[in-house]
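# Structural overview for review
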Amino acid sequence: MSRRTAREHIFKIIFQTEFHKEDEAEEAIEIYKENIEDASKTDMEFIKSEIKGIIENKSAVDEAINKYAEGWEINRIAKVDLAILRLAVYEILYSDDVPNKVAVNEAVELAKSFSSDKSPSFINGILGKVINNL
């Protein structure tokens, strides 16, 4: 499985957690992971690690999103865009093995596939601000 495909799974899992109570989110994540086909042990370790990191650092990630999404409070951002932003901001801030350029590109591609026409530029703008202020 490519990293792009793995990120798509991570995005979908993070998106799903928005619709569950915290105590139900773990179960939803496990059910989703059980249905991922063609995932090697390495793929699943990457997916689990990223999800765990995003959840553990959600406050800091959301703070960064709030700071740079000028005029947009986090509760007003579309859930799809928010899930994409959380993944990308987490990778920018905490994943040393993922170049910032890759995190942004992958986020924009996810937005093109799963969100509105305006989302790729919205997401790119926020991520650019995050990177410029590291």
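Keep in mind that what you see is a predicted model, and the values were worked out from it rather than measured. Every chain is numbered independently, its residues counted from 1 as its sequence is written. This being a predicted model, a pLDDT of at least 70 is required before a residue's local features are given, and a value of 80 or more before pairs of side-chain atoms are given or counted; all residues contribute to the totals for chains, interfaces and linings. Excluding hydrogens and water, the side-chain figures rest on all heavy atoms present in the structure.

### So, helix 3 (residues 41–56)
Operational definition: In this text, helices come from DSSP runs of H or I with a minimum length of four residues, and strands from runs of E with a minimum of two, each type numbered from the N-terminal end. One less than the residue count of a helix, multiplied by 1.5 Å, gives the span that helix is expected to have. Per-residue accessibility, obtained with a 1.4 Å probe over protein chains only, is compared with the maximum for each type, and a residue is labelled buried under 20%, exposed over 50%, and partly exposed between these values.
Spanning 16 residues, helix 3 covers 22 Å between terminal C-alpha atoms, matching the ideal 22 Å at 1.5 Å per step. Three or more residues of helix 3 are buried, namely Asp 43, Met 44, Phe 46, Ile 47, Glu 50, Ile 51, Gly 53 and Ile 54.

### Thoughts on the side chain of Glu 91
Stated formally: In this analysis, two residues are considered to be in contact whenever any of their non-hydrogen atoms come within 4.5 Å of each other.
Positionally, Glu 91 belongs in helix 5 (residues 79–94). Not counting the four nearest positions on each side in its chain, Glu 91 is found in contact with Arg 7, Phe 46, Glu 50, Val 98 and Ala 103.

### A short note on the pattern of salt bridges
So the rule is basically this: Between Lys or Arg on one side and Asp or Glu on the other, a salt bridge is scored when a side-chain nitrogen of the former is within 4 Å of a carboxyl oxygen of the latter.
Going through the model one piece at a time under the given rule, you end up with 10 salt bridges. A salt bridge links Arg 4 to Glu 106, with the shortest nitrogen-to-oxygen separation between them at 3.1 Å. Of this pair, Arg 4 sits in helix 1 (residues 3–17) while Glu 106 sits in helix 6 (residues 100–114), and the two are 102 residues apart along the sequence. Its relative accessible area of 41% is what places Arg 4 among the partly exposed residues. Assessed through its relative accessible area of 10%, Glu 106 is described here as buried. Among the salt bridges present, the one from Lys 79 reaches Glu 18, with a minimum N-O distance of 3.6 Å. With Lys 79 in helix 5 and Glu 18 in the loop between helix 1 and helix 2 (22–34), the pair connects residues that are 61 residues apart, well separated along the chain. Given a relative accessible area of 33%, Lys 79 falls into the partly exposed group. Residues joined by salt bridges that share partners form a network here, namely Glu 18, Asp 62, Lys 79 and Arg 86.

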